[in-house]
Amino acid sequence: MELLANFFHNTGFGMADYRHLIMIAVGLFFLYLGIAKHYEPLLLVPIGFGILVGNIPVFKGLGLGIYEEGSVLNYLYFGVRKGIYPPLIFLGIGAMTDFSTLLARPRLVLLGAAAQVGIFATFLSALFLGFVPKEAASIGIIGGADGPTAIFLSAQLAPHLVGPIAIAAYSYMALVPVIQPPIMKLLTTRGERLIKMGDPREVSKPERIIFPILAFLLCCFLAPAALPLLGMLFFGNLLKECLVTDRLSQTARTAVIDTVTIVLGLTVGASTQADVFLTAKSVGIFVLGACSFMVATAGGVLFAKLMNVFFREKINPLIGAAGVSAVPDSARVVQMIGNHEDPSNYLLMHAMAPNIAGVIGSAIAAGVLWSFIG
Amino acid sequence: MGGFSAINAASGWLIAALGISIVFFGLASLAFIITLFPHVFDRLNGQTPKSIVITLRDRFYPVKKPPAPATPVAEERLEEKDPDEAEESLRLLTAHLGEPFKLPRLLMLAEHRLARPHSTICRLILSGKILGEPDGLFRWAKGDEEESSP
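Quick caveat, the model's predicted, so the values are computed rather than measured.

### Side note on the packing of helix α15 (residues 205-222) of chain A against helix α16 (residues 227-241) of chain A
Residues and elements named next belong to chain A.
Next, step 1: Remark: α15 packs on α16, axes separated minimally by 9 Å, with the N-to-C direction vectors making an angle of 170 degrees. One way to sum up the angle between α15 and α16 is to call them roughly antiparallel. On α16, the residues that touch K205, R208, I209, F211, P212, I213, A215, F216, C219 and C220 of α15 are L227, L230, G231, F234, N237, L238 and E241.

Right under this line is the structure:
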């Protein structure tokens, strides 16, 4: 009987407390969102399952937990801690991204810059709430709505917050269809939502080949700390556009990004061990992250309205919301809202321009914050 | 520590202002460069890399041509010390052109032989030695031609 009791105490059932159950519930909720609601399933399913993995109560010292030296999960987590996975994700994103819409309408790039106001507003808010500057910068980057960038910066500046920041960033990326529409509708009139935009010009092949090289040089000379992210993003895009490296491009946009997404999602999820994750700081990070995301969305929409004051050719201010770099979800939300108002209005391709510019903008912002505070 | 004092202590306002400015500057520069793409590619369209290099070289570093060797004709250009000699040269030229002659054509030929062809021809017109005709052509005055013809 004593043997049986000892066995029970050594099982997860015996060691679990309410915090583990809370985190397991969060993990199951993520799986539900990913599988049933199709909210960013490629991210939420690995992260959700990772949360389950990380919150199975285990003996400390057996080399099982993600924070224990020498454990398998710890080795896989190395790529998160050292900021290796985010640049590889950017390589894949670059190899998947078509910059044509951005090249056709360069004006819309500014919307990607305007949406980054959320990052810096949240940075200030986090400082106000008592976070140290490195933590505040890492929290602020959630407003970029760019999971890899958020992980990359927090791994450099506040490694102890990688878990909550990554979970917050990916949660809000997944919740783009829930968070953004009310703000977009609140800040625009129906007339503005009905604005139709003309067809973009045809973009030639040489332009698409030259762009990643020039953009890389310009952005990385301006913010050298963004080199790992932007270097890989533009390198991936060059592989895609130059047409002579099809095999590399194909690998980057399939095998590489898929493998890294699996490992990244799983380990980030597993890093949310209840005893590490359920703290007042994590709650603060989630609240600030949500605010950051909302400010970023509002910044993009309001800047689009401001641009309409100065430019003759009007743009639909809804596409300002796509300035946050949740690619392509925020562009899809813009399309959804625009299409709801006028079924003949197709904004998706226009929204992709600020969406991609947002990816570049948030990487520059991360580089700037790292330079100033790192 | 929190509140505005924490923001001030961390130079938060400055970092935020500089940060958003750098992001804007970076993306605005990118947008500006992209707007130049169509113009640049239109100009380069159909050109080989070698011709592009030559065009750029000529634009920014024009090759100085060596001075043209002095031609015998240039050496023969007459300084208008002797008006009669200059007039004689023009008469020889118009004999080649035939009368009536076009003034621009005479000027063009005279530029190789006279130092100041415009003033010489102007003087001859004003003195009535060269006469204009209603159809825009010119000829020598009759009396002069007889006097000075060999």
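### Focus on a nonpolar patch on the surface
Next, step 1: Together, I56, V58, F59, L62 and L64 of chain A make up a nonpolar patch on the protein surface, roughly 440 Å² of accessible area in all.
Next, step 2: For I56 of chain A, a relative accessible area of 48% corresponds to the partly exposed category.

### Here we look at the interface of chain A and chain B
Next, step 1: Across the contact, 36 residues belong to chain A and 30 residues belong to chain B.
Next, step 2: Put simply, chain A and chain B have zero salt bridges between them.
Next, step 3: At the surface where chain A touches chain B, the tally comes to one residue pair in polar contact (both at pLDDT 80 or more).
Next, step 4: Those elements that place two or more of their residues in the side of chain A that touches chain B are α7 (100-104), α8 (109-114), α9 (117-128), α15 and α21 (348-373) of chain A.
Next, step 5: Ranked by the residues each element gives to the side of chain A that touches chain B, the list is headed by α21 of chain A, at nine residues.
Next, step 6: In the side of chain A that touches chain B, the residues fall into 30 nonpolar, four polar and two charged.

### Here we look at the domain arrangement of chain B
You'll often see interface size given as the accessible area lost when the parts meet.
Next, step 1: Annotation of chain B at the domain level lists domain 1 (3-60) and domain 2 (83-148).
Next, step 2: Computed from C-alpha coordinates alone, the two centres of domain 1 of chain B and domain 2 of chain B are separated by 63 Å.

### Regarding the packing of α15 of chain A against helix α2 (residues 12-44) of chain B
Next, step 1: Between α15 of chain A and α2 of chain B, whose axes approach to 10 Å, the crossing angle comes to 150 degrees. Judged on the interaxial angle alone, α2 of chain B and α15 of chain A are roughly antiparallel. The handedness of the crossing between α15 of chain A and α2 of chain B comes out as right-handed. In this structure, α15 of chain A uses P206, E207, I210, F211, L214, A215, L218 and L222 of chain A to contact α2 of chain B, whose residues at the interface are I22, F25, G26, S29, L30, I33, I34, F37, P38 and F41 of chain B.
Next, step 2: When the residues that make up the contact of α15 of chain A with α2 of chain B are grouped by side-chain class, the tally is 15 nonpolar, two polar and one charged.

### So, the confidence of the model for chain B
Residues and elements named next belong to chain B.
Next, step 1: For chain B, per-residue confidence averages 79 on the pLDDT scale, and 83% of positions sit at 70 or higher.
Next, step 2: Low pLDDT, under 50, characterises residues 146-150; the predicted model gives this stretch three contacts beyond four residues in sequence or across chains.
Next, step 3: In the model output, the complex is listed with pTM 0.76 alongside ipTM 0.87.

### Description of the packing of aromatic side chains
Next, step 1: Evaluated as defined, the whole model comprises 12 aromatic pairs over all chains.
Next, step 2: The cationic tip of R91 of chain B hangs over the ring face of W140 of chain B; the distance from NZ or CZ to the ring centre is 3.9 Å.

### Observations regarding helix α17 (residues 246-270) of chain A
All names here are of chain A.
Next, step 1: In this model, α17 (25 residues) spans 35 Å end to end at C-alpha, consistent with the 36 Å of a helix rising 1.5 Å per residue.
Next, step 2: Approximately 40 degrees is the largest bend angle found in α17, and it occurs at A252.
Next, step 3: Taken together, the buried positions of α17 are occupied by S249, A252, I257, V260, T261, V263, L264, G265, T267, V268, G269 and A270.
Next, step 4: Along its buried surface, α17 packs onto α4 (41-54), α5 (72-81), α6 (85-96), α11 (147-157), α12 (162-174) and α16.

### As for the side chain of T261 of chain A
Next, step 1: Take T261 of chain A: it is sitting in helix α17.
Next, step 2: Excluding its chain neighbours within four sequence positions, the residues that come into contact with T261 of chain A are L42, L43, P46 and I89 of chain A.

### Section: helix α13 (residues 176-187) of chain A
Residue and element names in this part refer to chain A.
Next, step 1: With 12 residues, α13 should reach 16 Å at 1.5 Å per residue; the first-to-last C-alpha distance of 17 Å fits that figure.
Next, step 2: Those residues of α13 that fall on the buried side of the exposure criterion are V176, I179, Q180, P181, I183 and M184.
Next, step 3: Where the residues of α13 are buried, they touch α12, α19 (280-310) and α20 (329-341).

Calculation rules
Residues numbered from 1 in each chain as written. Chains lettered and ligands numbered in written order. Predicted model: local features only at pLDDT ≥ 70, side-chain atom pairs only at ≥ 80, totals over all residues. Heavy atoms only, no water. Axes fitted to C-alpha atoms, helices over the stretch in contact; angles between N-to-C directions. Helix = DSSP H or I, 4+ residues; strand = E, 2+ residues; numbered from the N terminus. Parallel < 35°, antiparallel > 145°, perpendicular 65-115°, else oblique. Contact = heavy atoms within 4.5 Å. Patch = residues over 30% accessible without salt bridge, like charges linked within 9 Å, V, L, I, M, F, W, Y side chains within 5 Å. Areas by Shrake-Rupley, 256 points an atom, 1.4 Å probe, with all protein chains shown as cover. Salt bridge = Lys/Arg side-chain N within 4 Å of Asp/Glu carboxyl O. Buried < 20%, exposed > 50% of the residue type's maximum accessible area, 1.4 Å probe, protein only. Polar contact = N/O pair within 3.5 Å; in protein donor to acceptor, adjacent residues only side chain to side chain. Nonpolar A, V, L, I, M, F, W, Y, C, P; charged D, E, K, R; others polar. Domains from an automatic or database assignment. Left-handed = near helix turned anticlockwise from the far one by under 90°. pLDDT = per-residue confidence, 0-100. Phe/Tyr/Trp six-rings, centres within 6.5 Å; stacked < 30°, edge-to-face > 60°. Lys NZ or Arg CZ within 6 Å of the ring centre and 35° of its normal. Expected span 1.5 Å × (residues − 1). Bend = angle between axes of the 7 residues up to and from the residue.

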